[in-house]
4 protein chains.
Amino acid sequence: MLNRVILIGRLTRDPELRYTPQGVAVTQFTLAVDRPFTSQGGEREADFIPVVTWRQLAETCANYLRKGRLTAVEGRIQVRNYENNEGKRVYVTEVIADNVRFLESSQSRESGNASGGGDMPEPPAYGGGGRGNSGNSGFSRNNNQDPFSGDGKPIDISDDDLPF
Amino acid sequence: MLNRVILIGRLTRDPELRYTPQGVAVTQFTLAVDRPFTSQGGEREADFIPVVTWRQLAETCANYLRKGRLTAVEGRIQVRNYENNEGKRVYVTEVIADNVRFLESSQSRESGNASGGGDMPEPPAYGGGGRGNSGNSGFSRNNNQDPFSGDGKPIDISDDDLPF
Amino acid sequence: MLNRVILIGRLTRDPELRYTPQGVAVTQFTLAVDRPFTSQGGEREADFIPVVTWRQLAETCANYLRKGRLTAVEGRIQVRNYENNEGKRVYVTEVIADNVRFLESSQSRESGNASGGGDMPEPPAYGGGGRGNSGNSGFSRNNNQDPFSGDGKPIDISDDDLPF
Amino acid sequence: MLNRVILIGRLTRDPELRYTPQGVAVTQFTLAVDRPFTSQGGEREADFIPVVTWRQLAETCANYLRKGRLTAVEGRIQVRNYENNEGKRVYVTEVIADNVRFLESSQSRESGNASGGGDMPEPPAYGGGGRGNSGNSGFSRNNNQDPFSGDGKPIDISDDDLPF
DNA sequence: TTTT
DNA sequence: TTTT
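Treat the numbers as computed from the prediction; the structure is a model and nothing was measured.

Participant: Can you help me understand helix H1 (residues 55-64) of chain A in this one?
Facilitator: Because each turn of an α-helix spans 3.6 residues, side chains separated by three or four positions in sequence point in the same direction. Regarding H1(A), the residues found buried are A:Leu57, A:Ala58, A:Thr60, A:Cys61, A:Ala62 and A:Tyr64. Buried residues in H1(A) make contact with strand S2 (16-19), strand S3 (25-38), strand S4 (44-54) and strand S6 (89-102) of chain A.

What follows is the structure, encoded as C-alpha cells:
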C-alpha cells in the first residue's frame, strides 16, 4: 500500500549502465550507508544497499555519479526472486529509485576517482530526471526482471516484459 | 548517513517472537506491500518485505499483530550477510523497525485468522513501544546477527554481541 | 533538493473539493496526527496538518474520504505566502500530497459521519490516483496560489498560472 | 499516528541557539528546499521551511551549521498556535528535527560565509546528536511553546512546560 | 513459503 | 566484492 525509502550514502563503485535488448536504460549502483551507531567492537559499520534506476534517470545517474560520491536516493523497496542454476530460489532486494540527488559535484572533491572519468559536466539542477516538468512520469514503474544476474551477458527480456 | 523506510502492508503470517539466550526479545514478520501498478499481465503484485523488531517493541508486535492485519512500519534497511552451510555468502535484507502502527484493531475485521488468537486485548494507544516517554530509546540499535537462520534451534549469540 | 512527508492520521472534517476557473480540481482536508508522546498534563495531543491534492487525486479524495477516516498521505511540504487584507504577509504551510491511501473503507467503521455521505462506493484498489499506469504523472507539480483563501468565492487564477 | 519528514536543503542564515530559562538548548534555522519543477515563468522556486532542534542536537547544530550549508533533516511536522498581540490566533508550522546530517563540511566549500564563522572544527561522525549509543532518546519529544516569538526577549516558559 |  |  505504501513503500518509501530515503537513503543518503556513498557509491561503492562507479555506476553500471546497461540496456535491455529493447533499448531501455538501467543503471545499478550500491550505496554504502553508515549505521547510526558503532558495533560491539567500536567500529563504524555500514549497510551496502543496491539501487536500481531506469530510463532517463538511469542515464543521468550513469553520467554524473562516480565511486565515493555522496548521494541521496528516494524510491521503494523491491523484492525479486528467481531460480538460480542449482534450482534454488534466490531473493534479491533492491531499492528502485525514482529520485536521485547528487550531493557532491565533481569539483567539490579531490576529483580523483578510480574510474578516471575525465570530462564530467555539471549535473543538471534537477537530477531527478523524470519527475517535474519533463513530461515523464518520473516514477520507475516496475522491473521484476534481474538485469544484473547475467553478469555481462546480454539481457534476454523483451519490451513486452517491461511494464511501461 | 541516512536510512529511512516507511511501509504500509499486511502480515503474511502471524509474527514470530523469539528470545536471544540472554533474553532479548526479537520479533520477525513479513509485510506484503502491494505495488503501485499492475504487472504486464494485469495482475496486481506485491513485495514481501521482512521486518524485524527488538525488545519492548518486539513484544508489543507479538501481542497485537496477526496474519492479514494492515500495519505501518518505520525503520531502516539493514543488509546482513553470513556464510551458509555450502560455504557461500548469503545476503539478507530486512527492515529493522523502530516504530510500528497497528492500523486495524482486532474487532475492525472479521476477527477470524489462521492462528486462532482468541483473547486479543486492545493495542496500546501508542504502539511504537519504545519511543516517546517510555525512557527507552525507541531506536532499535543494531542486530547484525540472524536470529532466524537457526530455524527453531537456540540462537547462539551472547548479549555482548548485542550493541545495546 | 529533497522534500518528503509521510503522515497517517484522521480527517478532521469531510474534504472540500473546489475547481479553479479553468476546471482544475483541488481538494483540501486536514489530518489530525496524534503526537507520539503525551503533554505535561498527560493528555494526548495532535498536530492538525492541512493537506492539498490536485487533479485526479483531488477527485478521488473527495469521493472516498470522509471525516474521521484513517488515511495515509505522502507528499511534500509547501510554504506559500500572501498579503492579507491588512497588508500583512501571511505564511501558509501545507502538505501537497501526491499519494493518498484510504486505510479504512466505509464499511469498516460505524459508517455514520457528520456529513451524511450516503452512497459511498468502494475505493479503487489504488487510491493514489495519478501515479502508476494511469499515464498521469501523479506528481502534483505546484500550486503557489491559495485556492482556499477566498472562502467560497470563485478562485481567480487562470490555467496559465498552473504549472502543469 | 505517523508523522515523518525528510528534507535536504541549504540554511538561509546561521542557526540561532537559545536557551529556555531552565537551560534547555533550542536551535532554530530555516532550510531553503528547491522545488522539483520550475514556476510558470521558468524560475526555480524554493520552500523556506523552519526547523527546530532541542537539547544536545541543538548545540551540535549551532556549532556546525552555517548559512548556505547543504543539510539533511529528519523529523516531524508540528503545528503550534498562539494568540498574537491583536488577539488573533496564529498558526506556526515547523519541522521538529530528531536527526540532522551535515552534508558539507567547512572545507568543502569556499568557506566564506556571511557570519564569518572562523574556527569551525570538524563535525562529529554522527551528527544526529542523540540517537544511537548516547543513551539519549534522540527523539525531540515536544515543544508546544514558541521560543522564537519573543524575538530576542527571554523565553518565559518553565521546565515544567517541557515534556521531557 | 506469502497478505487483502 | 564494498564508500568517506
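After that view, the rundown keeps rolling.
Participant: Sorry if this is basic, but what is going on with the relation of the copies chain A and chain B here?
Facilitator: Mapping between the two copies of the chain is achieved by a rotation about an axis and a shift along the axis. After a rotation of 180 degrees and a shift along the axis of 0.0 Å, chain A superposes on chain B with an RMSD of 0.0 Å. Taken together, the rotation angle and the small translation identify this as a two-fold axis. Across chain A, the rotation axis passes nearest the C-alpha of A:Val5, at a separation of 2.2 Å. When the interface residues of chain A are mapped onto chain B, 100% of them again fall at the interface, so both copies present the same face.

Participant: Sorry, what's going on with the interface of chain A and chain B here?
Facilitator: Every contact between the two is made by 36 residues of chain A and, on the other side, 36 residues of chain B. Approximately 2,900 Å² of surface area, both sides summed, lies buried where chain A meets chain B, with 55% of it carried by carbon and sulfur atoms. A per-residue breakdown of the area chain A buries against chain B is headed by A:Met1, A:Leu2 and A:Phe37, which together make up 19% of the total. Here chain A and chain B share 2 salt bridges between them.

Participant: What's the story with the pattern of salt bridges in this structure? I'm lost.
Facilitator: Oppositely charged side chains may form a pair once their charged atoms are brought near each other. Tallied over the entire structure, the rule returns 40 salt bridges over all chains. Residue B:Asp47 pairs with A:Arg76 through a salt bridge whose shortest N-O separation is 3.5 Å. Of this pair, B:Asp47 sits in strand S4 (residues 44-54) while A:Arg76 sits in strand S5 (residues 70-83), on two different chains. A:Arg76 sits in the buried class, given a relative accessible area of 3%.

Participant: Where do I start with the pairing of S2(A) in this structure?
Facilitator: It is a general feature of regular strands that their side chains alternate between the two faces of the sheet. All names here are of chain A. Relative to S3, S2 runs antiparallel, the two sharing 4 bridges. Within S3, the residue paired with Glu16 across the bridge is Gln28. Connecting the antiparallel pair S2 and S3 is a turn made up of 5 residues, with Gly23 showing a positive phi of about 90 degrees.

Participant: Mind showing me how you'd approach the protein's contact with DNA strand E here?
Facilitator: A:Arg89, B:Arg10, B:Ala32, B:Ala46 and B:Phe48 are the nearest of the 13 residues found near DNA strand E. Backbone sugar and phosphate groups make up 48% of those atoms of DNA strand E lying within 4 Å of the protein. Take B:Arg10: an N or O atom from its side chain is 3.3 Å from a sugar or linking oxygen of DNA strand E. Elements that contribute at least two residues to the surface near DNA strand E include exactly S6 of chain A together with strand S1 (2-11), strand S3 (25-38) and S4 of chain B. Per-class residue counts for the surface near DNA strand E are 5 nonpolar, 2 polar and 6 charged.

Analysis parameters
Residues numbered from 1 in each chain as written. Chains lettered and ligands numbered in written order. Predicted model: local features only at pLDDT ≥ 70, side-chain atom pairs only at ≥ 80, totals over all residues. Heavy atoms only, no water. Buried < 20%, exposed > 50% of the residue type's maximum accessible area, 1.4 Å probe, protein only. Helix = DSSP H or I, 4+ residues; strand = E, 2+ residues; numbered from the N terminus. Contact = heavy atoms within 4.5 Å. Least-squares fit on C-alpha atoms with pLDDT ≥ 70 in both. Buried area = accessible area lost by both parts, 1.4 Å probe. Salt bridge = Lys/Arg side-chain N within 4 Å of Asp/Glu carboxyl O. Pairing = 2+ DSSP bridges. Near = heavy atom within 4 Å. Polar contact = N/O pair within 3.5 Å; in protein donor to acceptor, adjacent residues only side chain to side chain. Nonpolar A, V, L, I, M, F, W, Y, C, P; charged D, E, K, R; others polar.

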